[in-house]
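Spelled out from the first residue to the last, the chains are:
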Amino acid sequence: MSEAHAPEAEASRDFIREVITQDLKSGKTDTLVTRFPPEPNGYLHIGHAKSMCLNFGVAGEFGGHCNLRFDDTNPTKEEHEYIEAIKRDVSWLGFDWGEHLYFASGHFETLYKWAEHLIVNGLAFVDDQTAEEIRETRGTLTAPGTNSPFRDRSVEENLDLFRRMRSGEFAEGVRVLRAKVDMASGNINMRDPVIYRVLHASHPRTGDTWCIYPTYDFAHGQSDAIEGVTHSLCTLEFADHRPLYDWLIENLPVPSVPRQYEFSRLNLTHTVLSKRRLIQLVEEGHVNGWDDPRMPSLCGLRRRGFPPAAVRDFAQRVGITKSDNVIEMALLEHCARELLNKISLRRSAVLRPLKVVIENYPEGESELLEAVNNPEDEGAGQRQVPFSRELYIEREDFMEEPPKKFFRLAPGREVRLRYAFFITCTDVIKDENGEVTELRCTYDPETRGGDAPDGRKVKGTLHWVSAAHAVEAEVRLYEHLFTEAEPSLGADFLDGINPESIEVLEGCMLEPALAETPVGETVQFERQGYFAADPDGTPDRPVFNRTVGLRNTWAKLQASGQANT
RNA sequence: UGGGGAAUAGUAUAAUGGUAGUACGACGGGUUCUGGUCCCGUUAGUCUAGGUUCGAGUCCUAGUUCCCCAGCCA
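What counts and how
- As a convention, each chain's residues are numbered from 1 in the sequence order in which they are written.
- Lettering for chains starts from A, numbering for ligands starts from 1, and both go in the order in which the items are written.
- With the structure being a predicted model, the display of local features is reserved for residues of pLDDT at least 70 and the display and counting of side-chain atom pairs for 80 or more, all residues being used for whole-chain, interface and lining totals.
- With hydrogens and water excluded, all non-hydrogen atoms of the structure serve as input to the side-chain values.
- The helix count covers DSSP runs of H or I at least four residues long, the strand count covers runs of E at least two residues long, and both are numbered beginning at the N terminus.
- Atoms counted for the radius of gyration: C-alpha only. Globule rule: 2.2 Å times the number of residues to the power 0.38.
- The buried label goes to any residue with under 20% of its type's maximum accessible area, the exposed label to any with over 50%, and the partly exposed label to all in between, with areas taken from a 1.4 Å probe on protein chains only.
- Should any heavy atoms of two residues lie within 4.5 Å, those residues are counted as being in contact.
- Surface accessibility follows the Shrake-Rupley procedure with a 1.4 Å probe radius. Residue values consider only the protein chains on display as shielding.
- Residues scored as positive are Lys and Arg, those scored as negative are Asp and Glu, and His as well as the terminal groups of each chain are ignored.
- Working definition for charges: the position is that of NZ of Lys, CZ of Arg, CG of Asp or CD of Glu.
- Here a residue counts as near a molecule or strand whenever at least one of its heavy atoms sits within 4 Å of it.
- Here a polar contact is recorded for every N or O atom pair within 3.5 Å, except that within protein the pair must consist of a potential hydrogen donor and a potential acceptor, and residues adjacent in sequence are included only if both atoms are side-chain atoms.
- Under the grouping applied here, Gly and all other residues not named as nonpolar or charged are polar, the nonpolar ones being Ala, Val, Leu, Ile, Met, Phe, Trp, Tyr, Cys and Pro and the charged ones Asp, Glu, Lys and Arg.
- Joining through side-chain atoms within 4.5 Å is the link that ties buried Ala, Val, Leu, Ile, Met, Phe, Trp, Tyr and Cys residues into a set, and such a set is a nonpolar core.
- Aromatic contacts are taken between Phe, Tyr and Trp rings whose centres are within 6.5 Å, Trp giving its six-membered ring; a plane angle under 30 degrees counts as stacked, one over 60 as edge-to-face, and the others as tilted.
- A helix's residues, less one, multiplied by 1.5 Å, set its expected span.
- By definition, a salt bridge exists where a carboxyl oxygen of Asp or Glu is found within 4 Å of a side-chain nitrogen of Lys or Arg.
- Here a strand pair is declared whenever DSSP counts at least two bridges between the two strands.
- Under this scheme, a helix contributes an axis fitted over its contacting stretch, all axes are lines through C-alpha atoms, and angles between N-to-C directions fall in the 0 to 180 degree range.
- How sure the predictor is of each residue is captured by pLDDT, a score from 0 to 100.
- As annotated, the domain borders come from an automatic or database domain assignment.
- In this analysis, the protein atoms alone were mapped onto a 1 Å grid. Cavities are point sets where a 1.4 Å probe fits without being able to get out; pockets are open sets with protein on both sides within 12 Å along at least five of seven lines; lining residues have an atom within 4 Å of a point.
- Grid points are joined across faces, edges and corners, and a volume is the space filled by probe spheres set on the points.

Along its length, chain A carries 13 helices and 25 strands. For a compact globule of 565 residues, the expected C-alpha radius of gyration is about 24 Å, and chain A comes in at 31 Å, more than 25% above that figure. Taken along the three principal axes of its C-alpha coordinates, chain A extends 100 × 75 × 45 Å. Out of the 565 residues belonging to chain A, those deemed buried represent 52%. Of the contacts formed within chain A by residues at least 6 apart in sequence, a portion of 71% connects residues at least 24 apart. Carbon and sulfur atoms make up 48% of the accessible area of chain A, which totals about 25900 Å². When the 64 basic and 92 acidic side-chain charges of chain A are each reduced to a single mean position, those positions are 3 Å apart.

Moving on, we get to unusual backbone geometry. Unusually for a residue other than glycine, H270 sits at a positive phi of about 65°. Of note, H270 is situated in the loop between strand 9 (259-263) and helix 9 (275-283). We note that R527 has phi near 70°; this positive angle belongs to a residue other than glycine. Overall, the relative accessible area of 33% leaves R527 in the partly exposed class.

Once that is clear, we can look at the protein's contact with RNA strand B. RNA strand B sits among 69 residues. The nearest are T73, R408, R416, G449 and Q524. For RNA strand B, the backbone portion of the atoms within 4 Å of the protein, that is sugar and phosphate, comes to 62%. Separating a sugar or linking oxygen of RNA strand B from a side-chain N or O atom of K77 is a distance of 3.5 Å. R317 has a polar side-chain atom sitting 3.0 Å from a sugar or linking oxygen of RNA strand B. Elements with a contribution of two residues or more to the surface near RNA strand B: helix 5 (131-137), strand 6 (194-198), helix 11 (308-318), helix 12 (329-343) and helix 13 (553-559). Of the residues in the surface near RNA strand B, the class split is 21 nonpolar, 24 polar and 24 charged.

The next subject is the nonpolar core. With 55 residues, the main nonpolar core has I46, M52, V90, L281 and F314 as its most contacted residues. Elements with a minimum of two residues in this core: helix 2 (46-61), strand 2 (65-70), helix 3 (80-93), helix 9, helix 10 (298-304), helix 11 and helix 12. Among the elements that make up this core, the one with the highest residue count is helix 3 (7 residues). Setting aside anything within four residues of it in sequence, one finds I46 in contact with L266, L268, L273, P296, L298, L301, V311, F314 and L332. Grouped together as the second largest cluster of nonpolar side chains are 36 residues, Y196, I212, A219 and W247 included.

For the structure shown, the criterion picks out 21 aromatic pairs. With centroids separated by 5.4 Å and ring planes inclined at 85°, the aromatic side chains of Y43 and Y82 adopt a geometry described as edge-to-face. Pair noted here: Y43 is in the loop between strand 1 (33-36) and helix 2 and Y82 is in helix 3, with a separation of 39 residues, a long-range link. Neither residue differs from the other here; Y43 and Y82 are each classed as buried. Where Y112 meets W210, the ring centres are 5.9 Å apart and the plane angle is 50°; that geometry is what we call tilted.

Attention now goes to helix 6 (residues 155-166). For helix 6, which comprises 12 residues, the first-to-last C-alpha distance of 16 Å matches the rise-based estimate of 16 Å (1.5 Å per residue) to within 8%. Burial in helix 6 covers these residues: N158, L159, L161, F162 and M165. Of the surrounding elements, those touching the buried residues of helix 6 are helix 4 (108-120), strand 4 (124-127), strand 5 (176-179), strand 6 and strand 7 (212-214). A positive phi of about 90° marks G168, the residue just after helix 6.

Applying the stated rule across the entire model yields 45 salt bridges. Of the charged contacts in the structure, one is a salt bridge between D14 and R17, with a shortest N-O distance of 2.6 Å. Residue R17 is classed as buried on the basis of its relative accessible area of 13%. Residues joined in a network through salt bridges with shared partners are D291, R303, E474, R476, E506, D534, D536 and R541.

Let us now look at the sheet that holds strand 11 (residues 349-350). Reading across the sheet, the 7 strands line up as 10-23-24-25-21-22-11 and stay open at both edges, with mixed pairing between neighbours. With one partner strand each, in any of the chains shown, strand 10 (346-347) and strand 11 form the two edges of the open sheet. In terms of strand pairing, strand 21 (residues 471-478) meets strand 22 (residues 502-510) through 7 bridges, oriented antiparallel. For V471, the partnering residue across the bridge sits in strand 22 and is L510. Here helix 12 sits on the sheet and contacts strand 10, strand 23 (522-525), strand 24 (529-533) and strand 25 (543-549); the angle it forms with strand 25, its principal contact strand, is near 110°.

Of all residues in chain A, 98% attain a pLDDT of 70 or more, and the chain-wide mean is 96. Throughout residues 1-10 the model reports pLDDT below 50, and contacts reaching past four residues in sequence, or to other chains, amount to 0 contacts.

Partitioning chain A into structural domains gives domain 1 (3-263) and domain 2 (344-470). For domain 1 and domain 2, the distance between their C-alpha centres works out to 62 Å.

What follows deals with empty space enclosed by the protein. Taken as a whole and assessed by the stated rule, the structure comprises 3 cavities of 30 Å³ or more. Quantified by volume, the largest cavity comes out at close to 170 Å³. Only helix 10 and helix 12 provide two or more residues apiece to the lining of the largest cavity. In terms of residue count, the dominant contributor to the lining of the largest cavity is helix 12 (3 residues).

Okay, here's the thing in structure tokens:
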């Protein structure tokens, strides 16, 4: 019997999903286990989001699971504060590690035992050389290294020394444990890498239990093996470590054999993603903390108002390959706009208010008008907005001498106030400096709701807020943190910070409904962009962060000088 | 003069020897009570040189360019 319908179109898949598919099909593994292994020494950023979407993503797609593992092997850099922050960010992005929470430090006893195993098998030795001596004898990129004079110690002596390292007998730097691999290897990671060092530091989780700690190379792959990770997915710079990763797995009594695969890390224009530079931005006060909305950190994106689903969509669109890349910020912004357009409530907010008096509207009176909450979602319903004699409109929505393509308010011109009435500008009031301070207008009561019964059209529709009902707010406008698409990464990278990356607007006028916006929710200020309620705000005086502006063809026309043509 | 990795429109990513496709961007147009959304269209690409093949982005050879590696960081 022939199948009637065409085969499902195969979704295009990256090389990692290809490998997993193969391994599952060939029976190399029955279940898929991945891991997301942050070091608790900083906050997660959008580059980590790419990794999480891959690791948790494939685990979900192939019916496996993803471990959240803290790679906490260096107590001199790591802090407990980061562990909770990282968990919060992983959850926010929408991923659930369930019961699979691990710490490399949780494996310390096994790792120690395995280090002795290496010693017993003649595959590791205690080196008495200083760090400097080790560096000098490591060779260079093009010249091989030379063996340590301590390389041929007896198993007994090595065991004794290593145990005394553990018992705290030696100061930091005096002795290390090195794997005995090959000092002539072209791969520097194979030149007898240090696998244990003395660190008399209190560990966030194990306290003072240990004074020797495994290095990354001796902890990562083994942790993978202990946890039953099948596919250990990391970024390209670890490819050089894979031979060592495999060497250790082969020479240790591991319960399972994980494989490492490398993909290229995310780079984004107009920002930096290296942990070192991000830390510098925070510590030197170039931004206001890790959650500054200009930061590419996940907590920064959250505060900025990016929905986690938009970040996931972004990660999915960016793809997984092994080629270096720099993704345009415009793609992230597109993902935010696309989602937010569908789900965000529309509200009216006047950022730079200009007073308008409707001269033929009775003083002291007001009325409620119906406004649509989200034209993209009928289920979002409607709300009522108050209208009265004195209003605010956007300063930039009025020009005394408008260029040809300016469709908004000007002397003698009629425009629509959205969901309200047509108004016509009858007079312009200025101060002694010639600055426009107030507009006098008339309204047409017949156009209530926004349409003229006689069918006449207007070219412009403006947002507005009733002065008597307005809620005053602070609104923070954000731009790219760095002016250049690809900021210089030298010591001078701070010079590339965009001096206009933040603009704080006071005295913004919001429609009343906005006062109740829950912190963290992102709404659309009509005709302007998406804005998220910031925790700095109060019901009396809300604070909003601009997530991303609406596409603005008028601004483009102005910028290109075509507004008058 | 070592080892590892990568080269497809401006950016990112598909095409697994058989019509180089998609998304973002840019540009133009239509619709519109958001100069938004939506819709339509235009733009623009296989690093180079040889070779194999009826046919090459894909296979072979030789180059070129870019990225990573010399922490007791991860």
